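So you can see what is in the structure, the chains are spelled out below.
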Amino acid sequence: MKLALNGGPRITEDSIPSRTTMGDEEVAAAEEVIRSGVLSAFIGGPTEQFNGGKYIRAFEEQWAEKFGYKHAITVNSWTTGLVTCLGAVGISPGDEVIVPAYTMSASATSILFYGGIPVFADIDPRSFCLSPDSIEQNITEYTKAIMVVHLFGGCADMDQIIKIADKYNLRVIEDGAQAPLASFNGIPVGAMKDIGGFSLNYHKHIHTGEGGVIVTNDDELAQRSRLIRNHGENCVESYEVSNLSNVIGSNYRLTEIQAAIGIAQLRKLPSILRARRELAAYFAKRITTIPGITFFPPPEHITHSYYITPLLINESELGISRARFIQAVNAEFPAARDYEDVPLVGGYVRPLYLSPIYQQRKALGNSHFPFSLAKREISYAPGICPVTERMYRSELMYTPLIREPLTEEHIDLLIAAMAKVVENYSEIA
Ligand SMILES: *Cc1c(COP(=O)(O)O)cnc(C)c1O
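Residues numbered from 1 in each chain as written. Predicted model: local features only at pLDDT ≥ 70, side-chain atom pairs only at ≥ 80, totals over all residues. Heavy atoms only, no water.

## Regarding the overall build of the protein
- When helices and strands are tallied, the protein shows 14 helices and 14 strands.
- The C-alpha atoms of the protein give 22 Å as radius of gyration, which agrees with the globular expectation for 429 residues (22 Å, within 12%).
- Dimensions of the protein along its principal axes, counting C-alpha atoms only, are 75 × 55 × 40 Å.
- In the protein, buried positions account for 56% of the 429 residues.
- When contacts within the protein are restricted to residue pairs at least 6 apart in sequence, long-range pairs at least 24 apart make up 71% of them.
- Between the averaged position of the 38 positive side-chain charges in the protein and that of its 49 negative side-chain charges there is a distance of 2 Å. (Helix = DSSP H or I, 4+ residues; strand = E, 2+ residues; numbered from the N terminus. Rg over C-alpha atoms; globule rule 2.2 N^0.38 Å. Buried < 20%, exposed > 50% of the residue type's maximum accessible area, 1.4 Å probe, protein only. Contact = heavy atoms within 4.5 Å. Lys, Arg positive; Asp, Glu negative; His and termini not counted. Charge placed at Lys NZ, Arg CZ, Asp CG, Glu CD.)

And the structure:
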């Protein structure tokens, strides 16, 4: 059959169903808060309300329990959550922090907020997360922390990473924005060593419009996070912290309405994950019929959360370029209404070190601070992370279609579209 790209009939004329997690529960929760009149109860001073109002506290308690961590601390985005974590662990100007280049930009820019210097390490080509070998190669006497990103909903190799961190006395911060309730050896990611957390922005599994949650088992890191979240300089002497570094506070507070919505959203997370894991298992069986495209089911000890689903593409086995393949497959579906409806996407993000902020080493005004504080030569040259660059350039694509409310029939359509393109290469090669 003629490809839709060349004017043939599409595999389907039905649009991919959009997703929303908002329902009557969230409407009722928001209304309850509005009727109470108290939309935020935080006070930036040493009072009862320093840690927020009743919905914030209830949401944090429930989050901590569900994720199995002693403390959960809400923030108004996960970007500010990351900044808070870096402050809490005590990053100082000039400290090096190891971070992957294949991630959302905030995983690295959060380091710059405290004058830390991002050192980009490469990823493992199966997990797409930091490679323990590359971490070790990038450790120097100036390294203070490792920023682990659990990309796409999978998990980094936390056993090895924690071993390395222990060996070199480094802090581990986990960016679990894409991986709520993903687990490694049965333990939910987030703060398997020190501190980390999750995003509640509109595009994540569950959301409060904007928002984030920090988790930790460490009382001191939790206290420092609460201080940073809420103008800590006003009341640091009233709380137990062993030193004052980085408790310059800000206003990273979530509102009561968001917390109330978050409580309703948290209840939905298990069913969202169940739906995605079931679809992924079905997809894993079906995709094996398409040559040149590989889906790696996670190993036994990892439970994946399928924020998006990565696929490896072998262009020479496939016979055409990734871009052309994706274009042809997407043309088999009606035009997408938003990015969660696009069947296939190539490359994910440009390796972060190739962006101007690192190429020009300019983050704050026209100074080169904090890059100028580096105690050794740090390279942001093309080629420093070859696996990341390969994935970006030609080997990785992903589908956002492993998600509710889609069904096995949608997966069948996706597989049928891929098979149709493969069978008709001659039309577009
Ligand atoms: C979404 C995301 C962030 C940022 O979260 P926000 O809540 O949007 O600030 C950080 N890291 C990763 C990996 C993300 O996917």
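## Description of the pairing of strand 1 (residues 71–75)
- For strand 1, the buried fraction is high: five of the five residues fall into the buried class.
- Pairing of strand 1 with strand 9 (residues 212–216), which is carried by five bridges, proceeds in the antiparallel orientation. When the sheet's bridge partners are listed, isoleucine 73 is paired in strand 9 with isoleucine 214. (Pairing = 2+ DSSP bridges.)

## Considerations on the site of the ligand
- Within the structure, the ligand sits among 14 residues, and Thr79, Asp175, Ser199, Asn201 and Lys204 are positioned closest to it.
- One of the side-chain nitrogen or oxygen atoms of serine 199 is found 2.7 Å away from an oxygen atom of the ligand.
- In isolation the ligand offers 380 Å² of accessible surface; the protein chains occlude 93% of this area.
- Residue classes in the shell around the ligand are distributed as four nonpolar, eight polar and two charged. (Near = heavy atom within 4 Å. Polar contact = N/O pair within 3.5 Å; in protein donor to acceptor, adjacent residues only side chain to side chain. Areas by Shrake-Rupley, 256 points an atom, 1.4 Å probe, with all protein chains shown as cover. Nonpolar A, V, L, I, M, F, W, Y, C, P; charged D, E, K, R; others polar.)

## What to know about the sheet that holds strand 14 (residues 396–399)
- Strands sit in the order 10-12-14-13 across an open sheet of four strands; the sheet is antiparallel. Among the strands making up the open sheet, the edge pair consists of strand 10 (293–294) and strand 13 (345–346).
- Summarising the sheet, strand 10 and strand 12 (residues 309–313) pair through two bridges and their orientation is antiparallel. Bridge assignment links isoleucine 293 to a residue of strand 12, and that residue is isoleucine 313.
- Packed on one face of the sheet, helix 12 (residues 386–395) meets strand 12 and strand 14 and runs near 80° to strand 12. (Axes fitted to C-alpha atoms, helices over the stretch in contact; angles between N-to-C directions.)

## A word on the pattern of salt bridges
- All chains considered together, the criterion is met by 20 salt bridges.
- Among the ionic pairs, glutamate 26 bridges to lysine 268, the shortest N-O distance being 2.9 Å. Of this pair, glutamate 26 sits in helix 1 (residues 24–36) while lysine 268 sits in helix 8 (residues 256–286), placing them 242 residues apart in sequence.
- Across the salt bridge formed by arginine 35 and glutamate 31, the nearest N and O atoms sit 2.7 Å from each other. Of the two residues, arginine 35 and glutamate 31 both sit in helix 1, four residues apart, roughly one turn of that helix.
- In this structure arginine 35 comes out as exposed when scored by relative accessible area, which is 67%. (Salt bridge = Lys/Arg side-chain N within 4 Å of Asp/Glu carboxyl O.)

## Concerning the packing of aromatic side chains
- Tallied over the entire structure, the rule returns 16 aromatic pairs.
- Their ring planes at 80° and their centres at 6.3 Å tell us that tyrosine 348 and tyrosine 398 sit as a pair that is edge-to-face. Taken as a pair, tyrosine 348 in the loop between strand 13 and helix 11 (356–359) and tyrosine 398 in strand 14 lie far apart in primary sequence, 50 residues in all.
- Note on tyrosine 348: relative accessible area 18%, which makes it buried.
- Aromatic rings pair up to connect Tyr102, Phe128, Phe152, Tyr348 and Tyr398 into one cluster. (Phe/Tyr/Trp six-rings, centres within 6.5 Å; stacked < 30°, edge-to-face > 60°.)

## Some remarks on the environment of glycine 196
- Topologically, glycine 196 is positioned in strand 8 (residues 195–199).
- In this structure glycine 196 comes out as buried when scored by relative accessible area, which is 0%.
- Along the backbone, glycine 196 and aspartate 175 are 21 residues apart, and their C-alpha atoms lie at a distance of 5.8 Å.
- Residues contacting glycine 196, with those up to four places away along its chain left out, are Trp78, Cys85, Glu174, Gly190, Ala191, Val213, Ile214 and Val215.

## Thoughts on the sheet that holds strand 7 (residues 187–188)
- Spatially, three strands are ordered 7-6-11 in an open sheet, and the strand pairing comes out antiparallel. Where the open sheet ends on each side, the last strands, each with one partner, are strand 7 and strand 11 (302–303).
- Here strand 6 (residues 183–184) runs beside strand 7; their pairing, made up of two bridges, is antiparallel. Its bridge partner lying in strand 7, phenylalanine 184 is registered against isoleucine 187.

## Section: the side chain of serine 199
- Its place among the elements puts serine 199 in strand 8.
- Among the polar contacts made by the side chain of serine 199, one reaches the main-chain amide nitrogen of asparagine 201 at a distance of 3.1 Å.

## Points about the nonpolar core
- In terms of nonpolar packing, the biggest core is built from 100 residues, with Phe59, Trp63 and Phe120 touching the most fellow members.
- Per-element tally for this core: the top contributor is helix 8, with seven residues.
- The residues touching tryptophan 63, leaving out its near neighbours within four places in the chain, are Ala72, Phe198, Leu200, Ile206, Val213, Val215 and Leu266.
- Formed by 34 residues, the second largest nonpolar core is a distinct cluster that contains Phe283, Ile313, Ile326 and Leu344. (Core = buried A, V, L, I, M, F, W, Y, C linked by side-chain atoms within 4.5 Å.)

## A look at unusual backbone geometry
- For the bond from phenylalanine 369 to proline 370, the omega torsion is 0°, close enough to zero to count as cis.
- Of the consecutive residues glutamate 404 and proline 405, the connecting peptide bond is found in the cis state with omega at -5°.
- Take proline 405: it is sitting in the loop between strand 14 and helix 13 (408–423).
- Phi angles above zero are rare outside glycine, and asparagine 169 is one such case at about 60°.
- The topology assignment puts asparagine 169 in the loop between helix 6 (158–168) and strand 5 (171–175).

Remember, this is a structural readout, not a statement about activity or role.
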